[in-house]
Amino acid sequence: MQAIRISPEAWGRVWRVLVAAGPISRIDEEPVYLVTEEQIRLLRRKKLPFEIVPQWNGDASRPPRANHG
């Protein structure tokens, strides 16, 4: 499983593709979800925007935020 972040602008399009492809789980207050490798390949194939979020080791209460530079 991989954690991904979906931008608010693309959320609807990406969400529909993910749900049609299988189960997903929201893991943060932000739009961060656990998805399968197959779902990631599908998003890439359809050229839909998303960001892979580094997995955390469980010591922190939430995953680290990605730098948006």
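Residues numbered from 1 in each chain as written. Predicted model: local features only at pLDDT ≥ 70, side-chain atom pairs only at ≥ 80, totals over all residues. Heavy atoms only, no water.

Next up on the list: helix H1 (residues 11-21). The α-helix winds at 3.6 residues per turn, so residues separated by three or four positions along the chain end up facing the same way. Those residues of H1 that sit buried are Val14, Val17 and Leu18. The arc that holds every buried residue of H1, seen down its axis, measures 100°, which confines them to one face. Opposite the buried face of H1, at more than 90 degrees from it, the exposed residues are Arg16 and Ala20. Buried residues belonging to H1 abut strand S1 (2-5), strand S3 (32-35) and helix H2 (37-45). Where H1 ends, the next residue or the one after it, Gly22, has phi of about 150°, a positive value. (Buried < 20%, exposed > 50% of the residue type's maximum accessible area, 1.4 Å probe, protein only. Helix = DSSP H or I, 4+ residues; strand = E, 2+ residues; numbered from the N terminus. Arc of directions from axis to C-beta. Contact = heavy atoms within 4.5 Å.)

Right, let's get into the pairing of S3. Bridge analysis of S1 against S3 gives 4 bridges, and the strand direction is antiparallel. For Gln2, the partnering residue across the bridge sits in S3 and is Val35. As defined by bridge partners, strand S2 (residues 25-26) adjoins S3 across 2 bridges and the pair is classed as antiparallel. Each bridged residue has a counterpart across the sheet, and for Arg26 the counterpart in S3 is Tyr33. Between S2 and S3, which pair antiparallel and follow one another directly, the connecting turn spans 5 residues. (Pairing = 2+ DSSP bridges.)

Taken together, the 4 strands give an open sheet; going across it, the order is S2-S3-S1-S4, and neighbouring strands pair in antiparallel fashion. The open sheet has two edge strands, S2 and strand S4 (51-53), and neither has a second partner. Sitting on the sheet, H2 touches S1, S3 and S4, and the angle it makes with S1 is about 35°. (Axes fitted to C-alpha atoms, helices over the stretch in contact; angles between N-to-C directions.)

Along the chain, Arg5 turns up in strand S1. For Arg5, the side chain forms a polar contact with the side chain of Glu30, separated by 3.1 Å. (Polar contact = N/O pair within 3.5 Å; in protein donor to acceptor, adjacent residues only side chain to side chain.)

Remember that the coordinates give geometry; whether it matters functionally is a separate question.
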